[in-house]
Amino acid sequence: MGQSLQEQLARISRSPFGPSEEEVRANVAGEASADAALALHDAELATAEAQPEAPRDLTAAAFFDVDNTMVQGASIVHFARGLAARKYFKSADLVDMAWKQVKFRVTGKENSTDMASGKEKALAFIAGRSTAELAALGEEIYDEIIADKIWPGTRALAQMHLDAGQQVWLVTATPVELAQVIAKRLGLTGALGTVAESVDGKFTGRLVGDILHGLGKAHAVRTLAIREGLNLKRCTAYSDSHNDVPMLTLVGTAVAINPDSDLREVAKNRGWEIRDFRTGRKAARVGVPTALVLGAAGGAVAAVISRRREGGGTR
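Rules behind the numbers
- Residues numbered from 1 in each chain as written.
- Predicted model: local features only at pLDDT ≥ 70, side-chain atom pairs only at ≥ 80, totals over all residues.
- Heavy atoms only, no water.
- Helix = DSSP H or I, 4+ residues; strand = E, 2+ residues; numbered from the N terminus.
- Buried < 20%, exposed > 50% of the residue type's maximum accessible area, 1.4 Å probe, protein only.
- Contact = heavy atoms within 4.5 Å.
- Salt bridge = Lys/Arg side-chain N within 4 Å of Asp/Glu carboxyl O.
- Pairing = 2+ DSSP bridges.
- Phe/Tyr/Trp six-rings, centres within 6.5 Å; stacked < 30°, edge-to-face > 60°.

With that out of the way, let us pick up the overall build of the chain. Assigned secondary structure in the chain consists of 12 helices and eight strands. For the chain, with 315 residues in total, the buried portion stands at 47%. Within the chain, contacts between residues separated by at least 24 positions form 65% of all contacts whose residues are at least 6 apart in sequence.

Before going further, it helps to spend a moment on the pattern of salt bridges. Using the criterion set out here, one finds 16 salt bridges in the structure. Measuring nitrogen to oxygen at the nearest pair gives 2.9 Å for the salt bridge that ties Lys217 to Asp65. With a gap of 152 residues between them, Lys217 in helix α9 (residues 215–228) and Asp65 in strand β1 (residues 61–65) connect regions that are remote in the sequence. With respect to class, Lys217 is no different from Asp65; both count as buried. Across the salt bridge formed by Glu197 and Arg206, the nearest N and O atoms sit 2.5 Å from each other. When salt bridges that share partners are traced, they join Glu44, Glu139, Asp143, Lys184 and Arg185 into one network.

Every second residue of strand β6 (residues 236–239) is oriented toward a common face, with Thr236 and Tyr238 on one face and Ala237 and Ser239 on the other, all of them buried. Bridge analysis of β1 against β6 gives three bridges, and the strand direction is parallel. Paired with Phe64 across the strands is Tyr238, a residue of β6. Alignment of β6 against strand β7 (residues 253–257), held across four bridges, turns out to be parallel. Paired with Tyr238 across the bridge in β7 is Val255.

Further remarks concern the packing of aromatic side chains. One pass over the full model with this rule turns up one aromatic pair. Each ring, one from Phe64 and one from Tyr238, has its centre 4.1 Å from the other, and the planes form 5 degrees; the classification is stacked. Taken together, the residues span a long stretch of sequence, with Phe64 in strand β1 and Tyr238 in strand β6 at a distance of 174 residues.

In C-alpha cells:
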C-alpha cells in the first residue's frame, strides 16, 4: 500500500497544503478495503467446487451499500444480537448500540462521539480473536437473523446486474469478513468493508486506516475500479444515506434506495433515481436500472427475484 499510515500522517503534518488527516485515513481505509475484498474474492474462487461464470460485461459493475439499502436495519446490530445470544458480550452493550443506530436514523447524521465509542468497543471485542472465528460466527448469524432481513427489491436489482454479466460489490462500514459473508450468501462478487489489522490470523485490535465510511467508501470503489479495469461512468451505486454521496457521485448512475431525507433531496436535485421499499411508502416497482438500459452488454434481465427464506418465519 506504499507509505504506512504513520508516514503519511507525519508528511501532512509538515505540509499545510496536503490532505487532511481524515482524508489520509479514508484513503488508507479505502485501499486496504480493496486489497482485502480482492483477496477474499480470490480465496472464494480458489475453494469453490465449481467456478462461477466470468462477468461478460468487463467494464461495468454495481456497488451496493448494506445497512438499510440491502439489509433492513444495521447489519452490525444484527451481528451483535447473535453475539449477545452467544454470551460474547452483555445485552446492555447491544441496547447501547441499537440506541445509537436509532439516533442516526432519526437525525440522518452520524455522531462522532458515538462512532468513536462504537469503534473502541468493537476493536476491544475482536482483539486477540482469530479472523476465522469472526467469519464462522458471521456465517451462523447470517442464517439465523440476516437472511430474513434482506430487502427483496434491492436483491432483485443486484440480480439484474449479475444477469447482465456485471460484477456486484457490497460497500459497507461493517467489518470486511462479515460483509463478505453477506455477499457470499447473496451470490454477489464480493464486499468492500472496514479492515481490522490482523497478524498471523489474529486481530490486533487496530484498524487499517479507519472505518470505511464517506470518503473511504468512495476511495475503495475507485481503487477497486482501477484494479479491475472498470469504467466508473458505466458503473452504478446504490445507497440510503446522505453520507454516501461521495460514492454516489463517483459513478455514472446513482440510485437512492430507501433514502434518508437529505439524500432524497440530493437525489431530486440531481435527477437520480429513487426507489423506496419500506412498508407504508408508495410501492416501488422493480424495473431495469438506467445503467443497465444504457450500457449493459448481453444477458437477459430478471425482473423479479423472490426472497429466499431459510428456516421459516420472521425473526
